[in-house]
Each structure stands twice: as C-alpha cells, then as structure tokens.
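Coordinate analysis (summary)
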Amino acid sequence: MTWYAFTVTPQLERRAWDGLAKLHIEPARLEIPRIYRLGSGRGRRTIMRPLLPGYALGSVSGPIPWPLIRMIEYKGQPIIHDVLRAGSIPAAIPADEIDRLTAYLSETDHTGPGTLRPGAKARVSIGRHDDQHAVIKRVLSEARCTVMMRWFNSDREVSTSVERIREAG
C-alpha cells in the first residue's frame, strides 16, 4: 500500500476522508484537538481542525482509482481535485512520515488558549486576586473567557483574558 496526498476543497477534508473510506482507501485522519468557540446566538460548538488543511492523505493499493475518486462529491462538485505530483508522476509519501505525523499529534501538548474547556479548574490572576482558584464557565474566543470565582464572599462570573489563566495543580 502506498500513501498519497490528495488536494481537497478547503473545509471539506472530513468529507474526503469519509469518501475515501467508502472506497476502501485508508485515510489518515490527522486532526488537531477541539477548540470551543461561542457562535453569535448559537451557543457553544466544537471545531476540529485538520492538521493539513486542503489535503487528504490516503493509502492506496495498486493504481489510484480516479473514476471512483472523482465520484466523491459535495453539492454536485468533486471534493478531491488531484494528487501531489513529482513532475507528472504521483508522489508517494513514505509510511514512516505518516507514523511521524500521528506520533506528533499524540505526543504534542495542546494546552494553549484554544484548548480551554468549560468546567475545567484553573488558577486566575486578576488585579489583587493573584493565584485565585476558579472554574472556566464559558469560552468566548481564543483570547477571552469567563470564569466563576469567589469574590466578596459570593460566586461571580468574571470575564478575563486567557493569558491570566493557568491550569490548576
């Protein structure tokens, strides 16, 4: 089996992976962990980001079945457009590169601002309240969130920047 990188319509990588799997082509589902955002009036939603936007990696045995791949469509338009090439020949990706990418995703610590989860315990430094215990209530964006913390003997929801928050330990 040989791995190839197919060029895909942006933001349709998951549909390409599903289409390849239906054709018995093993897709490499390389995604960066969840990011919570608050949509305007729609509440919280989960977003999964592909590690390689605009590409779908697939393990093909034998020649690439282009007639079947062209049938993977979304709203009447093909999703997969071409394969990465070295000149006019499709460029094969070594299997150890795929293993390296999956190891990268499993070993990398994704504890940046984008991975805050509501309900997680944290320590907040706001004004004179340095190293105060809090619970993340809502994630407003990648830079701002609200936390529940004890102020003046009552629980209050406080909006703050993500830079002022660190994991409780």
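Residues numbered from 1 in each chain as written. Predicted model: local features only at pLDDT ≥ 70, side-chain atom pairs only at ≥ 80, totals over all residues. Heavy atoms only, no water.

**Focus on the overall build of the protein chain**
Threshold: Put simply, DSSP marks the helices as runs of H or I at least four residues long and the strands as runs of E at least two long, and each gets a number from the N terminus on. Throughout this description, buried means an accessible area under 20% of the type-specific maximum (1.4 Å probe, protein chains only), exposed means over 50%, and partly exposed covers the range between. We call two residues contacting when some pair of their heavy atoms lies within 4.5 Å. Only the protein chains shown count as cover for residues, and all accessible areas are computed by the Shrake-Rupley method using a 1.4 Å probe.
Looking only at helices and strands, the protein chain has 3 helices and 15 strands in total. Within the span of the protein chain, comprising 169 residues, buried residues form 34% of the whole. Counting only contacts in the protein chain whose residues sit at least 6 apart along the sequence, the fraction spanning at least 24 positions is 54%. Carbon and sulfur atoms make up 51% of the accessible area of the protein chain, which totals about 10500 Å².

**Comments concerning the side chain of Arg123**
Note the following rule: Within 3.5 Å is the distance limit for a polar contact, defined as a pair of N or O atoms, with the added protein rule that one can donate a hydrogen and the other accept it, and that residues adjacent in sequence qualify only through two side-chain atoms.
Turning to its location among the elements, Arg123 is positioned in strand 11 (residues 121-126). A residue is classified by how much of its surface remains accessible, and Arg123, at 17% relative accessible area, is buried. Polar side-chain contacts of Arg123 include one of 3.4 Å to the side chain of His133.

**Observations concerning the environment of Asp99**
Along the polypeptide, Asp99 turns up in helix 3 (residues 95-107). On a C-alpha basis, the gap between Asp99 and Ala28 in space is 9.8 Å, while along the polypeptide they are 71 residues apart.

**Section: the sheet that holds strand 8 (residues 80-83)**
The test is simple: DSSP bridges decide pairing: two strands pair if at least two such bridges lie between them. Angles run from 0 to 180 degrees between N-to-C directions of axes, and those axes are lines fitted to C-alpha atoms, restricted for helices to the stretch in contact.
Pairing is antiparallel in the open sheet, where 4 strands are placed in the order 2-5-1-8. With one partner strand each, in any of the chains shown, strand 2 (26-28) and strand 8 form the two edges of the open sheet. Going from strand to strand, the sheet's axes swing by 40 degrees on average, the running direction of each strand aside. In terms of strand pairing, strand 2 meets strand 5 (residues 55-60) through 3 bridges, oriented antiparallel. Along strand 5, the bridge assignment pairs Pro27 with Gly58.

**Details of empty space enclosed by the protein**
The following threshold applies: Cavity means a closed set of points on a 1 Å grid over the protein atoms alone, one where a 1.4 Å probe fits but cannot get out, pocket means an open set with protein on both sides within 12 Å along at least 5 of 7 lines, and lining means a residue has an atom within 4 Å of a point. Grid points are joined across faces, edges and corners, and a volume is the space filled by probe spheres set on the points.
Overall, the coordinates contain 1 cavity of 30 Å³ or more when judged by the stated rule. In this structure, the largest cavity spans a volume of roughly 40 Å³. Lining the largest cavity, in full, are Trp17, Ala28, Leu30, Pro50, Leu52, Tyr55, Ala56 and Leu57. The element contributing the most residues to the lining of the largest cavity is strand 5, with 3 residues.

**Remarks on the side chain of Ser59**
You can see Ser59 is positioned in strand 5. Exposure remark for Ser59: the relative accessible area of 2% places this residue in the buried category. Setting aside residues no more than four positions away along its own chain, Ser59 makes contact with Met1, Thr2, Trp3, Ile25 and Glu26.

**Some thoughts on the pattern of salt bridges**
Any two side chains of opposite charge can pair if their charged atoms end up close together. Defined as follows: Counted as salt bridges are all cases of a side-chain nitrogen of Lys or Arg within 4 Å of a carboxyl oxygen of Asp or Glu.
As enumerated under the stated definition, the model contains 4 salt bridges in all. Of the charged contacts, one joins Asp18 and Arg29 as a salt bridge, the two residues approaching to 2.9 Å between their closest N and O atoms. Of the two residues, Asp18 is situated in helix 1 (residues 13-22) and Arg29 in the loop between strand 2 and strand 3 (31-39); the sequence distance between them amounts to 11 residues. Classification of Arg29 as partly exposed rests on a relative accessible area of 43%. Taking the shortest distance from any N to any O, the salt bridge between Glu157 and Arg138 comes out at 3.2 Å.

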